[in-house]
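# Remarks on the overall topology
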Amino acid sequence: MSTGWLVGSAVVAVIVAPLIGGLLRGIDRKLTAHMQGRIGPPIIQPFYDVIKLFGKKPMVAGGAQMAFTYAYLALIITAVVFFALRQDLLVVLFVLFFGGLCLPIGALSVKSPYSQFGGHRELLQFLAYEPILLLAAIPIALKTSGFTIVSIFEYGQPLLPHLWITFIALLIALAIVMRKSPFDISGSEHAHQELVRGVVTEYSGPYLALIEIGHWYEMVLLLSILGLFWVTGSLWWLSIIIALGSWFIMLIVDNINARLTWSWMLKFAWGVGIVLVALNILFVNLRWM
Amino acid sequence: MGILSTARMKSPWLLHFDCGSCNGCDIEILAALTPLYDIERFGIVNMGNPKHADVLLVTGPANHRNYRVLRNLYEQMPDPKGVIVVGTCGCTGGVFHNCPNIIGGIDKVIPVDVYVPGCAARPEAIIDGVVLALKKLSVS
């Protein structure tokens, strides 16, 4: 693969990812409304929301918060660029982690109790899903003998038949990243909750719009990582089906679950997620899978 | 009409504050969220956070007990913003107008854009009021 082609795909990814992410959010709201017996907003509603937010007067609770908002978006875009350049999967995950971390740090820089609580809970979410994401890179590396995304493409076989246990664990991480019930403890996308809007309570106007765009990038990146599980061979288009299928599973899980507590989330993510990945690593080592 | 004013018309986020109403109007506001009226069709979302809201929906008469809270919420909303008063109590004080603890209508405390009278106001009237307030938002 030539360098020019890779750079071109990175540029396309940076432009197209938020469009796909916003559209997915719009379809998400529409489907959720239909599942609840409502008609729901038009599917381009998230774009209306973001444009409107850019037109609001900026109100910042502190300079640090503003800086962390920009850092959040910049680091997430960096992670998307690394992914499109087919770099090291671990680097992508680490940059994604540091980007995501800017959000609670910015929230914690404000004294509002809701923002503080939301920030702490966001950190607990990281504690829950970050080990799953990082550990999931290990069975992939064991199979493809390399941590880079290039090595997944060069492996020549789909990963899902060997690593479906890891895939299930990644779905748990995806639900937490997408802030879906039962894991929407740090700031729910929909209903009122005890934390007002949790981690994004103190972000408003254009800064909230930047966070929303960053969230679209984050979601598309996570879905693309899930798509890597069937990216080679003649059935490469299955990667898109797998990514969209996982996204749809998240919608159903969101609509049939209530919000649960952070301690339950930690127990579930560690007790089920990490154990699943560890089992997969064991099976790959024993050459059972 | 520019893209920004279109977006403003299509995405009004509401903040609902009860100044001490009898809950009649509040129930009607929440009725607008149910599948029957489904105001999310128009991109209207009921927010719990003044910093994210575009439109403030107030029910009940202004009173000495919580007018500071009302003014604080109003000031926390970033511009451009609109205020809608729902129900007769909020418009003029209603049946409470000469009580010692009552200041009067909401417009004695904060500037009001749209008055939705009624005891209680119908959900259709509330949605009409929001649409009227949006016209003000889209030109500012």
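Residues numbered from 1 in each chain as written. Chains lettered and ligands numbered in written order. Predicted model: local features only at pLDDT ≥ 70, side-chain atom pairs only at ≥ 80, totals over all residues.

All names here are of chain A. Note that Leu-142 resides in helix H5 (residues 113-144). Overall, the presence of 15 C-beta atoms within 10 Å leaves Leu-142 in the partly exposed class. Each C-alpha atom, one on Leu-142 and one on Ile-281, is 8.0 Å from the other, the two residues being 139 residues apart in sequence. Excluding residues within four positions of it along the chain, Leu-142 makes contact with Ile-281, Val-284 and Asn-285. (Helix = DSSP H or I, 4+ residues; strand = E, 2+ residues; numbered from the N terminus. Buried ≥ 20, exposed ≤ 12 C-beta atoms within 10 Å, placed from the backbone. Contact = placed C-beta atoms within 7 Å.)

An ideal rise of 1.5 Å per residue puts 46 Å on 32 residues; H5 of chain A measures up with 47 Å between its terminal C-alpha atoms. Ser-145 of chain A sits one or two residues past H5 of chain A and shows a positive phi near 50°. (Expected span 1.5 Å × (residues − 1).)

Attention shifts here to the nonpolar core. In summary, soluble globular proteins display a tendency toward joint burial of nonpolar side chains. Ala-79, Val-80 and Ile-132 of chain A are the most contacted members of the largest nonpolar core, which has 80 residues in total. No other element matches the 15 residues that helix H8 (residues 205-227) of chain A contributes to this core. In this view, Ala-79 of chain A contacts Val-92, Val-95, Leu-96, Gly-99 and Leu-221 of chain A; residues no more than four positions away in its chain are not counted. By size, the runner-up hydrophobic cluster in this structure holds 36 residues, among which are Leu-15, Ala-32, Leu-56 and Ile-84 of chain B. (Core = buried A, V, L, I, M, F, W, Y, C linked by C-beta atoms within 7 Å.)

Next up on the list: the packing of helix H3 (residues 63-84) of chain A against helix H4 (residues 89-108) of chain A. For any two helices packed against each other, the geometry is given by the interaxial angle and the distance between the axes. All names here are of chain A. The contact between H3 and H4 brings their axes to 8 Å, and the two run at 165°. By the criterion of interaxial angle, the relationship of H3 to H4 is roughly antiparallel. As H3 packs across H4, the resulting crossing turns out to be left-handed. Every residue of H4 that contacts H3 at Ala-64, Gln-65, Phe-68, Thr-69, Ala-71, Tyr-72, Leu-75, Ile-76, Thr-78, Ala-79, Phe-82 and Phe-83 is listed here: Val-91, Val-92, Val-95, Leu-96, Phe-98, Gly-99, Cys-102, Leu-103, Ile-105 and Gly-106. (Axes fitted to C-alpha atoms, helices over the stretch in contact; angles between N-to-C directions. Parallel < 35°, antiparallel > 145°, perpendicular 65-115°, else oblique. Left-handed = near helix turned anticlockwise from the far one by under 90°.)

Moving on to the pairing of strand S3 (residues 55-59) of chain B. All names here are of chain B. In terms of residue burial, S3 counts as a mostly covered element, since 5 of its 5 residues are buried. Both faces of S3 are covered, namely the face carrying Val-55, Leu-57 and Thr-59 and the face carrying Leu-56 and Val-58. Note: strand S1 (residues 13-18) against S3, 5 bridges, orientation parallel. By the bridge assignment for S3, Leu-15 is matched with Leu-56. (Pairing = 2+ DSSP bridges.)

Below, the discussion takes up the interface of chain A and chain B. Across the contact, 24 residues belong to chain A and 17 residues belong to chain B. Broken down by element, the side of chain A that touches chain B gets its largest block of residues, 5 residues, from helix H2 (residues 45-54) of chain A. Grouping the amino acids of the side of chain A that touches chain B by side-chain chemistry returns 8 nonpolar, 9 polar and 7 charged. (Nonpolar A, V, L, I, M, F, W, Y, C, P; charged D, E, K, R; others polar.)

Moving on, we come to helix H7 (residues 160-177) of chain A. Residue and element names in this part refer to chain A. With 18 residues, H7 ought to run about 26 Å at 1.5 Å a step, yet its terminal C-alpha atoms sit only 21 Å apart, falling short of that. At Thr-166, H7 shows its maximal bend, which comes to roughly 40°. Residues His-162, Leu-163, Thr-166, Ala-169, Leu-170, Ile-172, Ala-173, Leu-174, Ala-175, Ile-176 and Val-177 constitute the buried set of H7. Its buried side turned inward, H7 meets H5, H8, helix H9 (238-256) and helix H10 (262-285). (Bend = angle between axes of the 7 residues up to and from the residue.)

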